[in-house]
Amino acid sequence: MADEIVFYHNPRSRAQIVHWMLEEAGAPYRIVPIDLEKGESKTPAFLALNPMGKLPTIVHRGVVVTETAAIIAYIADTFPAAGMAPPPGDARRGTYYRWLFFGAGCVEPALLDRMLNRPPVERKSAVGWGSYDDVVATLEKALEPGPWLLGDMFSAADVYVGAEIRWAMMFGAPNLKGRKVFDDYVARLSARPAAQRTAAG
Ligand SMILES: N[C@@H](CCC(=O)N[C@@H](CS)C(=O)NCC(=O)O)C(=O)O
């Protein structure tokens, strides 16, 4: 297909989030499987696309996009009929950006602090994501009104931040599973047909 997105994928990676997003958006795509164990993300051909040698990576209309949050936002804007992002000029766009960037800049490093048992930093004021506990408390507050981060509007920010929360719960990160706000949010996310279609890879 002429306009299809070439999607370099491995289901046991952050690329899974992009797979879900592609399905939510109804975007045309073709999967190129990448075996990370076999070093397929470190070949000269792949490194020419993404010098980080990482997934997810997409190519669309001759342009390479990397970084999960950027890819998610790109798909939302490129396929606006899916209604996955408030359009520019809509006040909700501010809230949308807020949580998308919070996902990449705060949730991701805070989760990795916990999952990798990194020692807490001495001066959390100097660290952009503060602390794991502050990040979780902030998410809980954002999700309390529900059902989504933007209230009634489901958006690409839910795909990204929701996938992070779901992943963290699966790996036993503290203070998520068993808290009603997070349990209910993840149940709503998991019930989405696009999430179910891509759950197996
Ligand atoms: N900042 C990147 C991180 C991507 C990343 O770390 N991907 C992992 C898989 S989840 C990867 O490709 N690892 C293979 C490697 O580094 O060799 C993003 O947000 O997409």
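Values in this document were obtained by computation on a predicted structure and should not be read as measured data. Residue numbering note: each chain is counted from 1, following its sequence as written. Residues qualify for local features only when their pLDDT is at least 70, as the model is predicted, and side-chain atom pairs are given and counted only at 80 or more; totals for whole chains, interfaces and linings, by contrast, use all residues. Heavy atoms from the whole structure form the basis of all side-chain values; hydrogens and water molecules are not counted.

### Structural notes on the overall build of the protein
Okay, step 1: On a plain count of helices and strands, the protein comes out with 8 helices and 4 strands.
Okay, step 2: Strands are runs of DSSP state E lasting at least 2 residues, helices are runs of H or I lasting at least 4, and numbering of each runs from the N terminus. Counting from the amino terminus, helix and strand elements in the protein follow one another as β-α-β-α-β-β-α-α-α-α-α-α.
Okay, step 3: Taking 2.2 N^0.38 as the reference for a compact globule, 201 residues should give roughly 17 Å; the C-alpha atoms of the protein span a radius of gyration of 17 Å, in line with that estimate.
Okay, step 4: Reported as C-alpha extents along the three principal axes, the dimensions of the protein are approximately 45 × 40 × 30 Å.
Okay, step 5: Counting all 201 residues of the protein, 47% fall into the buried class. Each radius of gyration reported is based on C-alpha atoms, and the globular scaling rule is 2.2 Å times the count of residues to the power 0.38. Exposure categories follow from relative accessible area, calculated using a 1.4 Å probe and restricted to protein chains: below 20% of the type maximum is buried, above 50% is exposed, and the middle band is partly exposed.

### Details of helix α1 (residues 15-25)
Okay, step 1: Among the 11 residues that make up α1, 10 are buried, leaving the element largely enclosed by the rest of the structure.
Okay, step 2: The complete set of buried residues in α1 reads Ala15, Gln16, Ile17, Val18, His19, Trp20, Met21, Leu22, Glu24 and Ala25.

### Some details on a nonpolar patch on the surface
Okay, step 1: Among the surface-exposed residues, Trp167, Met170 and Phe171 lie close enough to one another that they form a single nonpolar patch of about 360 Å² accessible area.
Okay, step 2: Tracing the sequence through the fold places Phe171 in the loop between α6 (156-170) and α7 (180-190). What goes into a patch is any residue over 30% in relative accessible area without a salt bridge, connected to like charges within 9 Å or, for nonpolar side chains (Val, Leu, Ile, Met, Phe, Trp, Tyr), within 5 Å. Per-residue and other accessible areas follow the Shrake-Rupley method at a 1.4 Å probe size, with only the shown protein chains counted as cover for residues. Salt bridge criterion: a side-chain nitrogen from Lys or Arg within 4 Å of a carboxyl oxygen from Asp or Glu.

### Quick notes on the packing of aromatic side chains
Okay, step 1: Stacked, tilted and edge-to-face are the three classes applied to pairs of Phe, Tyr and Trp rings, where Trp contributes its six-membered ring and a pair requires centres within 6.5 Å; stacked means planes under 30 degrees apart, edge-to-face means over 60, and tilted covers the rest. By the definition in use, this model includes 8 aromatic pairs.
Okay, step 2: An aromatic cluster of three or more residues is present, and its members are Tyr96, Tyr97 and Phe101.
Okay, step 3: The ring of Trp148 has Arg188 sitting right over it, with the charged end atom 5.8 Å from the ring centre.
Okay, step 4: Definition used: whenever NZ (Lys) or CZ (Arg) falls within 6 Å of the ring centre and also within 35 degrees of the ring normal, the charge is taken to sit over that ring. Over the aromatic face of Phe154 sits the side chain of Arg192, whose NZ or CZ is 3.5 Å from the ring centroid.

### Looking at the domain arrangement of the protein
Okay, step 1: Taken domain by domain, the protein comprises domain 1 (5-82) and domain 2 (92-194).
Okay, step 2: Contact between two residues is taken to exist if any of their heavy atoms lie within 4.5 Å; hydrogens are not considered. At the junction of the two partners, domain 1 supplies 12 residues and domain 2 supplies 16 residues.
Okay, step 3: Once two parts are put together, the accessible area they lose, assessed with a 1.4 Å probe and summed over both, is termed the buried area. For the pair domain 1 and domain 2, the summed buried surface comes to about 1,100 Å²; carbon and sulfur atoms form 70% of the total.
Okay, step 4: For the pair domain 1 and domain 2, the number of links is 3 salt bridges.
Okay, step 5: Glu24 serves as the salt-bridge partner of Arg192, at 2.8 Å between the closest nitrogen and oxygen.
Okay, step 6: The biggest single contributor to the side of domain 1 that touches domain 2 is helix α3 (residues 68-78), with 6 residues.
Okay, step 7: Charged residues are taken to be Asp, Glu, Lys and Arg, nonpolar residues to be Ala, Val, Leu, Ile, Met, Phe, Trp, Tyr, Cys and Pro, and polar residues to be all remaining types, Gly included. In the side of domain 1 that touches domain 2, the residues fall into 7 nonpolar, 1 polar and 4 charged. Either an automatic procedure or a domain database provided the assignment from which the domain bounds are taken.

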